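Examination of the molecular architecture
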Amino acid sequence: MDDFGWLSLTAIALPVLVAALHVRWLRRGFHDGGRLPSVRHVAALAGGTARVTETVVASMLEREQARLGGSGRLYRTPLVPVDPLGQELAGRLSSFPGHALRTTMSRGPAMRALWADLGRRGLVVAEGRRRLTWRITAVVYAVLLGAGTVRWIVTGAGVVLIVFPVVALALLIVSLWLGRTDYAGRTTTAGRAVLAEAETDRSLVSGAAGAVAIGGFAAYPDREVAAILSRYGGRPGKDTRTFAWGEGTDYSVSGGGGF
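Quick look at the structure, then. (Residues numbered from 1 in each chain as written. Predicted model: local features only at pLDDT ≥ 70, side-chain atom pairs only at ≥ 80, totals over all residues. Heavy atoms only, no water.)

Moving on to helix H8 (residues 189–198). All buried positions along H8 are accounted for by Ala190, Gly191, Val194, Leu195 and Ala198. Down the axis of H8, the buried set is contained in an arc of 135°. They therefore lie on one face. (Buried < 20%, exposed > 50% of the residue type's maximum accessible area, 1.4 Å probe, protein only. Helix = DSSP H or I, 4+ residues; strand = E, 2+ residues; numbered from the N terminus. Arc of directions from axis to C-beta.)

Put into structure tokens, the structure is as follows:
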């Protein structure tokens, strides 16, 4: 292989190698040594935004800030949550009966603030940075594809000159796909280690909220309540059913986007 061939190989391999190493570093994360500040943080690391919503529901039931009907309806009580996520969920009980709670809660300011805090702690993958890395890589391959095509047209056919733009095009497509795909909510390696420690910290994951944070609605200590929550709460990722939410009005359970 001549000097041009080695130069072409380096130009093709270097961008994707640098991007892959940077993404690997992002997925490792870091930990500042501090303790997780709340059971909501544990829920986020254990099961994403859906688990956080389930944990808030469990906490409200535990503190009698909400009550659950046998048909899966959740009603407000005069007691008002003091944390932002609890206040946001309580507000949605009267405003959005029958809605897809998991979806709407995941887009709320309190949930975004929780994920931003986890990101600052290095416990979840900085998804924006990961996507930006691959988008920059795609731009590099677009430039290489253009340069390789022009050189092939000007100088004529050759094995290296033909292979170079083909490989550049393939890596451009892969980079664009990776830069567009959103894997939001992934826990870093450091985050998984912190979660393993938190799961045994009874001062952090005690009570119904702690049990649900780790194991979801099925882990709710009251078996009857757990059965109702699991039946009408839907399964994270499937979103086949939804609660009917209200303040005493008789709403029926509806199919659709799920929590």
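Turning to a positive patch on the surface, a few remarks are in order. Together, Arg24, Arg27, Arg28 and Arg192 make up a positively charged patch on the protein surface. When residues of the positive patch are assigned to their parent elements, the largest contribution, three residues, is made by helix H1 (residues 3–28). The topology assignment puts Arg192 in helix H8. With a relative accessible area of 48%, Arg192 lands in the partly exposed category. (Patch = residues over 30% accessible without salt bridge, like charges linked within 9 Å, V, L, I, M, F, W, Y side chains within 5 Å. Areas by Shrake-Rupley, 256 points an atom, 1.4 Å probe, with all protein chains shown as cover. Salt bridge = Lys/Arg side-chain N within 4 Å of Asp/Glu carboxyl O. Lys, Arg positive; Asp, Glu negative; His and termini not counted. Charge placed at Lys NZ, Arg CZ, Asp CG, Glu CD.)

A few words now on a nonpolar patch on the surface. On the surface, Val150, Trp152, Ile153, Val154, Ile162 and Val166 cluster together into a nonpolar patch covering about 600 Å² of accessible area. For the nonpolar patch, the elements supplying multiple residues, two or more each, are helix H6 (127–155) and helix H7 (159–180).

Here Ser38 shows up in the loop between H1 and helix H2 (39–62). Distance in space between the C-alpha atoms of Ser38 and Val205 is 8.5 Å, their sequence separation being 167 residues. In terms of polar contacts, Ser38 uses its side chain to reach the backbone amide nitrogen of Arg40, at 3.3 Å. A polar atom in the side chain of Ser38 sits 2.7 Å from the side chain of His41. (Polar contact = N/O pair within 3.5 Å; in protein donor to acceptor, adjacent residues only side chain to side chain.)

In the contact formed by H2 and helix H9 (residues 207–215), the axes pass within 7 Å of each other and the chain directions differ by 150°. You can see that H2 and H9 cross each other, and the crossing is right-handed. Residue-level contacts link Val39, Val42, Ala43, Ala46, Arg51, Glu54, Thr55, Ala58, Ser59 and Glu62 of H2 to Gly207, Ala208, Ala209, Gly210, Val212, Ala213, Ile214 and Gly215 of H9. Residue composition of the contact of H2 with H9, by class: 10 nonpolar, five polar and three charged. (Axes fitted to C-alpha atoms, helices over the stretch in contact; angles between N-to-C directions. Left-handed = near helix turned anticlockwise from the far one by under 90°. Contact = heavy atoms within 4.5 Å. Nonpolar A, V, L, I, M, F, W, Y, C, P; charged D, E, K, R; others polar.)

On to the side chain of Gln65. Relative to the helices and strands, Gln65 resides in the loop between H2 and strand E1 (66–68). Taking relative accessible area as the criterion, Gln65 reaches 10% and is therefore assigned buried. Setting aside anything within four residues of it in sequence, one finds Gln65 in contact with Ser59, Met60, Arg76, Thr77, Leu79, Val80 and Pro81.

Nothing here speaks to function; it is geometry throughout.
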